[in-house]
Amino acid sequence: MTQPRPTGKTVPLLRIVGLRKSFGPVEVLRDVSLVVETGQVTCIVGPSGSGKSTLLRCLNRLEVPDGGAIYLDGLLVGVTEKNGRLYEMSPKALATQRQAMGMVFQGFHLFPHMTALENIIEAPITVKKQPREEAIRSARELLRKVGLTEKADAYPQQLSGGQQQRVAIARSLAMQPKLMLFDEPTSALDPELVGEVLAVMKQLAQEGTTMVVVTHEMSFARDVANQVVFMDGGVIVESGPPAEVLSHPRHARTRTFLARVV
Ligand code: ADP
Ligand code: MG
């Protein structure tokens, strides 16, 4: 059966408009605008200190942006300036925004005193009030998805870095976010463990998970990203399909950066 064609334009899952953030006198994000479509993978690359983590942290409100707007599913969730006034979101809107975005960090940040399974069911039970049995069922399914069926009862210290990071990914997914944010998820791993985490992320991408990934893994960006964003000095210097940005960069700054990392 043929699917009906969508009529009109669909709203992007995430739209960032003119985002700004300073720490004291240092302007870390200057007028950052970006669109992320549902089901697409955006890889953000750029030198250390260019503002990549700050951008992700503003998205899920680990940092409060100074200005600009963040729209999730067409809904304004971030701060914006209107007539020179700063608009703050209600606590409820903030909670919704945070829940909509799962975040995976460079360090795995698992609860050390909980097993893999307990780590995964914690937020669904306490935050989403999911019944325990249901949360456990979903968690086992997620452990299977990240290839850790056998490790449900293992504590973080009994797991390798790659396994811990896969538990961390499962834990984020358990909240059923609309969007997954990854901040250099493989940078803290021994080289031989990077592949297993990237494989899980690639599988998520193939299943249609919307993802924003800050990474130095250029081969992952080339293979998996729909959109590559190059940041430098708090601005997006250029963005586009990987074949353009990574293979035929238009800007000298991008070329210099790529020459150093690839
Ligand atoms: P990246 O992730 O691209 O390496 P960051 O977003 O971590 O860059 O940092 C961008 C700049 O902002 C850096 O100069 C960093 O020192 C500064 N910065 C980040 N977080 C803070 C903070 N909480 N307080 C002060 N400066 C910060
Ligand atoms: Mg960073």
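Just above, that's the structure.
None of the values given here were measured: they were computed from a predicted structure.

Colleague: Before we go on, may I ask you to explain helix 5 (residues 161-173) in this structure?
Modeller: Side chains of residues three or four places apart in an α-helix project in the same direction, reflecting 3.6 residues per turn. The end-to-end C-alpha separation of helix 5 is 18 Å, in line with the 18 Å expected for 13 residues at 1.5 Å each. Most of helix 5 is tucked away, with 13 of its 13 residues classed as buried.

Colleague: So what exactly am I meant to see when it comes to unusual backbone geometry here?
Modeller: Backbone geometry at Asp73 places phi at a positive 55°, although glycine is not the residue there. Secondary-structure assignment places Asp73 in the loop between strand 4 (67-72) and strand 5 (75-76). Positive phi values are uncommon outside glycine, yet Glu184 reaches one of about 45°. Tracing the backbone shows Glu184 in the loop between strand 9 (179-183) and helix 6 (191-206).

Colleague: Would you take a moment to explain the side chain of Arg166 for this structure?
Modeller: Within the secondary structure layout, Arg166 lies in helix 5. A polar contact is formed between the side chain of Arg166 and the side chain of Glu196, at a distance of 2.9 Å.

Colleague: Would you explain the site of ligand 1 in this entry?
Modeller: Taken together, Phe23, Val28, Pro47, Ser48, Gly49, Ser50, Gly51, Lys52, Ser53 and Thr54 make up the full set of residues near ligand 1. One of the backbone nitrogen or oxygen atoms of Ser50 is found 3.1 Å away from an oxygen atom of ligand 1. Lys52 places a side-chain nitrogen or oxygen 2.8 Å from an oxygen atom of ligand 1. Protein burial of ligand 1: of its 560 Å² of free accessible surface, 57% is covered by the chains. The element that contributes the greatest number of residues to the shell around ligand 1 is helix 1 (residues 52-59), accounting for three residues. Residues of the shell around ligand 1, tallied by class, amount to three nonpolar, six polar and one charged.

Scoring rules and cut-offs
- Residues numbered from 1 in each chain as written.
- Chains lettered and ligands numbered in written order.
- Predicted model: local features only at pLDDT ≥ 70, side-chain atom pairs only at ≥ 80, totals over all residues.
- Heavy atoms only, no water.
- Helix = DSSP H or I, 4+ residues; strand = E, 2+ residues; numbered from the N terminus.
- Expected span 1.5 Å × (residues − 1).
- Buried < 20%, exposed > 50% of the residue type's maximum accessible area, 1.4 Å probe, protein only.
- Polar contact = N/O pair within 3.5 Å; in protein donor to acceptor, adjacent residues only side chain to side chain.
- Near = heavy atom within 4 Å.
- Areas by Shrake-Rupley, 256 points an atom, 1.4 Å probe, with all protein chains shown as cover.
- Nonpolar A, V, L, I, M, F, W, Y, C, P; charged D, E, K, R; others polar.

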